[in-house]
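Chain residues, written in single-letter form:
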Amino acid sequence: MLKVGDTFLMPPKSGAIEHLWIILTAPDAKGEAVCVNVTSDDADHTTELSKGEHQFIKHSSVIRYRNTRSLNLQIV
C-alpha cells in the first residue's frame with residue numbers, strides 16, 4: 001500500500017492531464033489519506049519545487065493546496 005511521501009499520477013479532474021500527487025498523511029481505517037497535487041499553473045507559491053526534485057518535475061512547479069483531497073489509496 002502507498003504511504004506518506006509516496007507519489008502517483010492522476011488527473012485532478014476527469015478528462016484532465018495527469019498530475020503528480022503526494023501523499024501527506026497516513027491512510028485511515030478506510031484507506032483514505034490527504035493528498036496534494038503538483039502543478040506549474042498556480043498563484044500559490046507557498047511550496048515551490050524545482051526541476052529535478054522528482055523525476056516527474058521538468059520545470060518550476062508548486063503544490064496546489066486548494067486542490068487538496070482525501071483519496072482512497074486502495075484504488076489509486
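Structural data are supplied above this passage.
Note that the structure is a prediction, hence the values are computed from the model and not measured.

(A) Looking closely at the pattern of salt bridges. Applying the stated criterion to the full structure yields three salt bridges. Here Arg64 and Asp42 are joined by a salt bridge, their closest N and O atoms 2.8 Å apart. Of this pair, Arg64 sits in strand E5 (residues 61–72) while Asp42 sits in the loop between strand E3 (32–39) and strand E4 (48–49), and the two are 22 residues apart along the sequence. For the pair formed by Arg64 and Asp42, the shared burial category is buried. Note that Asp42 and Arg66 form a salt bridge whose closest N and O atoms lie 3.3 Å from each other. With Asp42 in the loop between E3 and E4 and Arg66 in strand E5, the pair connects residues that are 24 residues apart, well separated along the chain. Through salt bridges with shared partners, one network takes in Asp42, Arg64 and Arg66.

(B) Representation of the pairing of strand E1 (residues 7–10) within the structure. Burial of the side chains of E1 is restricted to one face: Phe8 and Met10 are buried, whereas none of Thr7 and Leu9 on the reverse face is. Direction of pairing for E1 relative to strand E2 (residues 19–23): antiparallel, over a ladder of four bridges. Paired with Leu9 across the two strands is Leu20, which belongs to E2.

(C) Region of interest: the sheet that holds E1. Read across the sheet, five strands follow the order E1-E2-E3-E5-E4 without closing on themselves; strand pairing throughout is antiparallel. Bordering the open sheet on either side are E1 and E4, each of which pairs with just one other strand. Pairing analysis gives three bridges linking E2 to E3, with the strands arranged antiparallel. Across the sheet, residue Ile23 finds its bridge partner in E3, namely Cys35.

(D) Structural detail: the packing of aromatic side chains. This model, assessed by the stated rule, comprises one aromatic pair. Plain terms: the ring middles of Phe8 and Trp21 are 6.4 Å apart, the flat faces sit at 10° to each other, and that makes the pair stacked. Here Phe8 is found in strand E1, whereas its partner Trp21 is found in strand E2, with 13 residues between them in sequence. Residue Phe8 is classed as buried on the basis of its relative accessible area of 9%. The buried category is assigned to Trp21, whose relative accessible area is 0%.

What counts, and where the lines are drawn
Residues numbered from 1 in each chain as written. Predicted model: local features only at pLDDT ≥ 70, side-chain atom pairs only at ≥ 80, totals over all residues. Heavy atoms only, no water. Salt bridge = Lys/Arg side-chain N within 4 Å of Asp/Glu carboxyl O. Helix = DSSP H or I, 4+ residues; strand = E, 2+ residues; numbered from the N terminus. Buried < 20%, exposed > 50% of the residue type's maximum accessible area, 1.4 Å probe, protein only. Pairing = 2+ DSSP bridges. Phe/Tyr/Trp six-rings, centres within 6.5 Å; stacked < 30°, edge-to-face > 60°.

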